[in-house]
Amino acid sequence: MPPEADCRRCRLGEARTNIVLPCGNPGSKVALVGEAPGAQEDLRGIPFVGKAGKILDGLMAEAGLEREKVTITNTVKCRPPGNRRPKADEMAACRPFLQEELRGKQLVLALGLSAAEDLLGKKMVMKDVCNRPVNADLGDGQITIMVTYHPSACIYRPAAKEVLRDALKIAASYL
Ligand code: URA
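No experiment lies behind these values; they were computed from the predicted model shown.

Draft legend 1. Fine view of the sheet that holds strand 3 (residues 71–74). With respect to topology, six strands assemble into an open sheet ordered 1-3-2-4-6-5, the strand pairing being mixed. Each edge of the sheet is formed by a strand with only one pairing partner; in this case those strands are strand 1 (23–24) and strand 5 (134–137). Relative to strand 4 (residues 107–111), strand 2 (residues 30–34) runs parallel, the two sharing four bridges. Looking at the pairing, A31 lines up with V108 of strand 4. Contacting strand 2, strand 4, strand 5 and strand 6 (142–148), helix 4 (residues 113–120) runs over the sheet at an angle of about 130° to strand 4.

Draft legend 2. Up close: the state of the cysteines. One pass over the structure, following the stated rule, counts zero disulfides. With no disulfide of its own, C94 has C78 as its nearest cysteine by sulfur position, at a separation of 6.4 Å.

Draft legend 3. Structural context of the pairing of strand 6. Taken across its seven residues, strand 6 has six buried, putting it largely inside the fold. As paired elements, strand 5 and strand 6 share four bridges and run antiparallel to each other. When the sheet's bridge partners are listed, V134 is paired in strand 6 with I145. Counting the residues that bridge the hairpin from strand 5 to strand 6 gives four residues, and of these G139 lies at a positive phi of roughly 120°.

Draft legend 4. Highlighting the site of the ligand. Around the ligand, the neighbouring residues are G34, E35, A36, E41, P47, F48, N74 and H150. One of the backbone nitrogen or oxygen atoms of A36 is found 3.0 Å away from a nitrogen atom of the ligand. Between N74 and the ligand, the recorded distance is 2.7 Å, taken from a side-chain N or O atom to a nitrogen atom. For the ligand, whose accessible area on its own is 240 Å², the fraction buried by protein is 92%. Among the residues forming the shell around the ligand, the class breakdown is three nonpolar, three polar and two charged.

Rules used in this analysis
Residues numbered from 1 in each chain as written. Predicted model: local features only at pLDDT ≥ 70, side-chain atom pairs only at ≥ 80, totals over all residues. Heavy atoms only, no water. Pairing = 2+ DSSP bridges. Helix = DSSP H or I, 4+ residues; strand = E, 2+ residues; numbered from the N terminus. Contact = heavy atoms within 4.5 Å. Axes fitted to C-alpha atoms, helices over the stretch in contact; angles between N-to-C directions. Disulfide = S-S within 2.5 Å. Buried < 20%, exposed > 50% of the residue type's maximum accessible area, 1.4 Å probe, protein only. Near = heavy atom within 4 Å. Polar contact = N/O pair within 3.5 Å; in protein donor to acceptor, adjacent residues only side chain to side chain. Areas by Shrake-Rupley, 256 points an atom, 1.4 Å probe, with all protein chains shown as cover. Nonpolar A, V, L, I, M, F, W, Y, C, P; charged D, E, K, R; others polar.

Here it is, written out as structure tokens:
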């Protein structure tokens, strides 16, 4: 079940315009999990439609991955004020929705450390963990999770862009 239209499970419900539910194919074997909706996503109610979304769309196209063929979602479904990182209790409040969205997936790409830390429950250093698949049980059996760079981290960093593009290519190979 998605969040109630008037969800107030955490403080992010106070300032949001729209709850941002997953887009793409909910039954896909592959999911991309971002950090949190930004301003454009909050206005339109769709994940990754702002600046980071444009970068992601470009890299997905280069990797041969169509937006309509994967599930795209976020750790939290409401925009944190000022685009701050979501807090642990906010991610925990939204976790049942994420868990349901990811049920049955074969590969989950965690885009950035917020998603990685939410999914894997520990702090990490991106350069040490990126693009290395790990098995984890999110509550419904083992799935493969691969941590990679968030599209926003690629704006001025060609090396990060390369890593994210490679991750998206691996994701495409699962379809
Ligand atoms: N950044 C994210 O992590 N998710 C979005 O949906 C948009 C920007």
